[in-house]
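These are the residues of each chain, in order.
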Amino acid sequence: MNLDHDTSPGGAGPSRGMSPAASAGTVSNDLVAANRILAGLGVLDGFGHVSVRHPDRPDRYLMSRACPPEHVEAGDIMAFDLDSAPLDGDLRTPYLERFIHGRIYASRPDVRAVVHSHAPAVVPFAASSVPLAPISHMASFLGGDVPVFEMREHFGMTDLLIRDNDQGARLAEAVADGAVVLMRGHGFCAVGRDLPEAVFRAHYTQQNADLQHRAIGLGGAVKYLSPCECELATRTNRQVMGRPWALWKSKFVAALD
Ligand SMILES: [Zn+2]
């Protein structure tokens, strides 16, 4: 799925008519909000992380220092180059798996936000021969084959974490031009053209996995969205993506406003 640029509400990136300074501040605040929202939705717990490409320097990205996403505040945000080296002499401890983010940004100029999650509802679909497939219109972005990254295929026996740029690059290859990649024995990543879209996709990936599991448990044949239904639903979802983002901000980050 190509993430072609559009100007629909919730679909645009940093070109919403904001000045560079306002854009940088907005993006930083939205990154704090995204951390709180993803923790509130159960997509992230004590682990996992979310990042955003720097709005003025596409060769950089922003992400919290290593801490629980629910606790992230503006002062925790660090800047990294696309090799995931901390910038500005920042000596705080970064997330171990930051290489996921740097390598995806390096390979996908269209991506401006990345979520990495260990959500338990999704992990079975990365380990099973049953593929994750769109069962709900809200997860229409899962249309087509959702790739599964197999760490063992490239690096043998590991602790399954993405610990360096080589491992991050292999994962980015698996993402290809898609919206989501599953990681066997580990979790998944969702990407987007901005934070609301990446958060939307991460949340509805988790929800779709739960719904699909329930449908399979009923025991009958399961009917998934067709490619055409996915395309039509994706167009609609892009028009309304701002609504859940606004709800989640008011619900989980009201104290920041
Ligand atoms: Zn992880």
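As the structure is a computational prediction, the values presented were derived from the model and not from experiment.

**Here's the deal with the packing of helix H2 (residues 99–107) against helix H5 (residues 165–175)**
For any two helices packed against each other, the geometry comes down to the angle between their axes and how far apart the axes lie.
Thought 1: Between H2 and H5, the shortest axis-to-axis distance is 8 Å and the interhelical angle comes to 55 degrees. Judged by the angle between their axes, H2 and H5 are oblique. Handedness of the crossing formed by H2 with H5: right-handed. Contacts from Phe-99, Ile-100, Arg-103, Ile-104 and Ser-107 in H2 reach Asn-165, Gly-168, Ala-169, Leu-171, Ala-172 and Val-175 in H5.

**Notes on unusual backbone geometry**
Thought 1: Positive phi values are uncommon outside glycine, yet Ser-84 reaches one of about 70 degrees.
Thought 2: As for its position among the elements, Ser-84 is in the loop between strand S3 (77–81) and H2.
Thought 3: Of note, the phi angle at Leu-160 is positive, near 80 degrees, even though the residue is not glycine.
Thought 4: Mapped onto the fold, Leu-160 is located in the loop between helix H4 (151–155) and H5.

**A word on the pairing of strand S2 (residues 60–64)**
Thought 1: Of all the five residues making up S2, four are buried; the element is thus mostly covered by neighbouring parts of the structure.
Thought 2: In the sheet, strand S1 (residues 49–53) pairs with S2 via three bridges, with the strands oriented antiparallel. Residue pairing across strands places Arg-53 opposite Tyr-61, the latter belonging to S2.
Thought 3: In this antiparallel pair of consecutive strands, S1 and S2, the connection spans six residues.

Each value, and the rule that gives it
Residues numbered from 1 in each chain as written. Predicted model: local features only at pLDDT ≥ 70, side-chain atom pairs only at ≥ 80, totals over all residues. Heavy atoms only, no water. Axes fitted to C-alpha atoms, helices over the stretch in contact; angles between N-to-C directions. Helix = DSSP H or I, 4+ residues; strand = E, 2+ residues; numbered from the N terminus. Parallel < 35°, antiparallel > 145°, perpendicular 65-115°, else oblique. Left-handed = near helix turned anticlockwise from the far one by under 90°. Contact = heavy atoms within 4.5 Å. Buried < 20%, exposed > 50% of the residue type's maximum accessible area, 1.4 Å probe, protein only. Pairing = 2+ DSSP bridges.

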